[in-house]
Amino acid sequence: MLLIECPNCGPRDETEYQYGGEAHVPYPEDPSQLSDKEWAEYLFYRNNPKGLLAERWAHTAGCRRWFNVVRDTVTYEIKAVYRIGEPQPTLGGAQ
């Protein structure tokens, strides 16, 4: 069982959360100006690095708030948790 530390509720089982994709991906300034191909790439293409990755998670079975997690994609170990709007912790290698 993996525990994820919600910044609002404390540690909870991973089944209470919803993965929301890569964090810190800027939203397009005017999505209506994107081609279908560009919009699809924004929605579905991700870096998928091996190692540390900043991700968005929502505590769907708790406070229902979004927050960020830095997770090692190789070991699945969570290295840091921080609120939306807070700066990403410097961990070396996180994207």
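In what follows, the structure referred to is the one given above.
Residues numbered from 1 in each chain as written. Predicted model: local features only at pLDDT ≥ 70, side-chain atom pairs only at ≥ 80, totals over all residues. Heavy atoms only, no water.

### Details of the packing of aromatic side chains
Convention followed: Ring pairs are drawn from Phe, Tyr and Trp, using the six-membered ring of Trp, whenever the two centres fall within 6.5 Å, and their geometry is named by plane angle: stacked under 30 degrees, edge-to-face over 60, tilted for the rest. We count a stretch as a helix when DSSP gives it H or I for four or more residues in a row; a strand needs E for two or more, and each element gets its number in order from the N terminus. Think of it in three bands: residues with accessible area under 20% of the maximum for their type are buried, residues over 50% are exposed, and the middle band is partly exposed, with areas taken using a 1.4 Å probe on protein chains only.
Under the counting rule described, the total for this entry stands at five aromatic pairs. Pairing Tyr19 with Trp57 gives two aromatic rings, centres 5.4 Å apart and planes at 75°, and the pair type is edge-to-face. In this pair, Tyr19 sits in strand E3 (residues 18–22) while Trp57 sits in strand E4 (residues 52–58), placing the two residues 38 residues apart along the sequence. The class for Tyr19 is partly exposed, based on a relative accessible area of 40%. On the basis of relative accessibility, which here comes to 7%, the residue Trp57 falls in the buried class. With 6.3 Å between their ring centres and 85° between their planes, Tyr27 and Trp39 make a pair best called edge-to-face. Highlighted residues: Tyr27 in the loop between E3 and helix H1 (36–44) and Trp39 in helix H1, separated in sequence by 12 residues. On the basis of relative accessible area, Tyr27 is assigned to the exposed category, the value being 56%. Overall, Trp39 belongs to the partly exposed group, its relative accessible area being 28%. In this structure an aromatic cluster arises from ring pairing among Tyr27, Trp39 and Tyr42.

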